[in-house]
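One-letter residues, chain by chain:
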Amino acid sequence: MGCHHLIDEKALSYQEYLERESDVRHHTYEEERYQFDLLQAGDPRAMEEFDRRSRRSESDTGTVSDDPLRNKKYLTVCCIASACRAAIQGGLDAKRAYRASDLYIRKMDVMENIEEIEALSRDAFCFYLCEVQKLDKKRTFSRPVAQCLDYIYNHLHQPITLQELADACGLSQGYLSTVFKEELGLPVSAYIMAKRMEAARNMLRYSEYSSADISAILAFSSQSHFIRAFKKYVGQTPKAYRESYRLSGEGPGMA
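Rules and cut-offs
Residues numbered from 1 in each chain as written. Predicted model: local features only at pLDDT ≥ 70, side-chain atom pairs only at ≥ 80, totals over all residues. Heavy atoms only, no water. Phe/Tyr/Trp six-rings, centres within 6.5 Å; stacked < 30°, edge-to-face > 60°. Helix = DSSP H or I, 4+ residues; strand = E, 2+ residues; numbered from the N terminus. Buried < 20%, exposed > 50% of the residue type's maximum accessible area, 1.4 Å probe, protein only. Core = buried A, V, L, I, M, F, W, Y, C linked by side-chain atoms within 4.5 Å. Contact = heavy atoms within 4.5 Å. pLDDT = per-residue confidence, 0-100. Salt bridge = Lys/Arg side-chain N within 4 Å of Asp/Glu carboxyl O.

### With respect to the packing of aromatic side chains
- Within the structure shown, the criterion is met by 8 aromatic pairs.
- On the basis of an interplanar angle of 55 degrees and a centroid distance of 5.9 Å, the ring pair of F36 and F125 is categorised as tilted. Residue F36 is located in helix α2 (residues 29-40), and its partner F125 is located in helix α6 (residues 114-134); the two are separated by 89 residues in the primary sequence. Judged on exposure class, the residue F36 and its partner F125 are both buried.
- Here the aromatic rings of F230 and Y241 are separated by 5.5 Å at their centres, their planes lie at 75 degrees, and the arrangement is edge-to-face. Linking F230 in helix α12 (residues 223-234) with Y241 in helix α13 (residues 238-247), this pair joins segments that are 11 residues apart in sequence. Both residues of the pair, F230 and Y241, belong to the buried class.
- Taken together through their ring pairs, the aromatic side chains of F220, F226, F230 and Y241 make up a single cluster.

### Some details on the nonpolar core
- Formed by 30 residues in total, the largest nonpolar core has its most connected members in I152, L165 and F180.
- When contributions to this core are tallied by element, the ones reaching two or more residues are α7 (143-154), α8 (162-169), α9 (173-184), α10 (188-206), α12 and α13.
- Counting residues per element, this core draws most heavily on α10, at 7 residues.
- Sequence-distant contacts of L165, that is, excluding residues within four places in its chain, are made with C148, Y151, I152, I160, L176, V188 and I192.
- In this structure, L39, M47, F50 and L129 belong to the second largest nonpolar core, which totals 18 residues.

### Focus on the confidence of the model for the chain
- Per-chain confidence: the chain averages 82 in pLDDT, with 78% of residues scoring 70 or above.
- Here residues 21-29 scores under 50 on pLDDT; set against residues more than four positions off or in separate chains, the count is 15 contacts.

### Description of the pattern of salt bridges
- Considering all chains together, one arrives at 8 salt bridges under this definition.
- The residue D51 makes a salt bridge to R122 at a minimum N-O spacing of 2.8 Å. Within this pair, whereas D51 is found in helix α3 (residues 45-55), its partner R122 is found in helix α6, the two being separated by 71 residues in sequence.
- K95 is the salt-bridge partner of D150, the closest N and O atoms lying 3.7 Å from each other. One end of the pair, D150, is in helix α7; the other, K95, is in helix α5 (residues 94-109), with 55 residues separating them in the sequence.
- Residue D150 is classed as partly exposed on the basis of its relative accessible area of 39%.
- In this structure K95 comes out as partly exposed when scored by relative accessible area, which is 33%.
- Salt bridges sharing common partners tie together R96, E131 and K134.

Below is the structure:
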């Protein structure tokens, strides 16, 4: 088929000529992948490789803009995207990985200092490495249970019944309850509550949602039910939990 692109063989050949005349040496594919392969494996040497490559001339990674700041931003986006994908391949939940990527890129987008961008790039790489290292590599789930976990993750905002989960993974309620507890170590209902409490803690720490809002978002029957459940699970009321993070400087709106 006939293909027409914005660049052609003439442009590629001319770029090759310029790089040869300027003695520009691009890194090889193997060199580029090494740090991300280490990240995917959760190998701590990944940070050493990242720092080593960061100290090398930027010409090794290419010039995609004549403006130094814009060039650094473009290259950083590529680095974050590659680290994100390597972490997913290493077992990190894809939704969490992409969410972090979006946050890092939005932060970088407003930066006007190359040193700040370099620090952010390193922080992003380190974040993904730490996330992979925290994963239990030996823990695997059967396909029905994995489908069940995915269903729970995507439906925390509404009531979840055992029958709905059984339908989603193609098992009977009784058998699902048995294999779920065998593989997770706790009943389905306890796991759902744990995931709701995890989400509630994040919203209390990083958002301005009220207890009533969080209660409704996470499908609790009432605000009082949410508060009782949160205190039982976390050991503090939602208000006290949020206040503890405000005082530590980690709450919403804190630097």
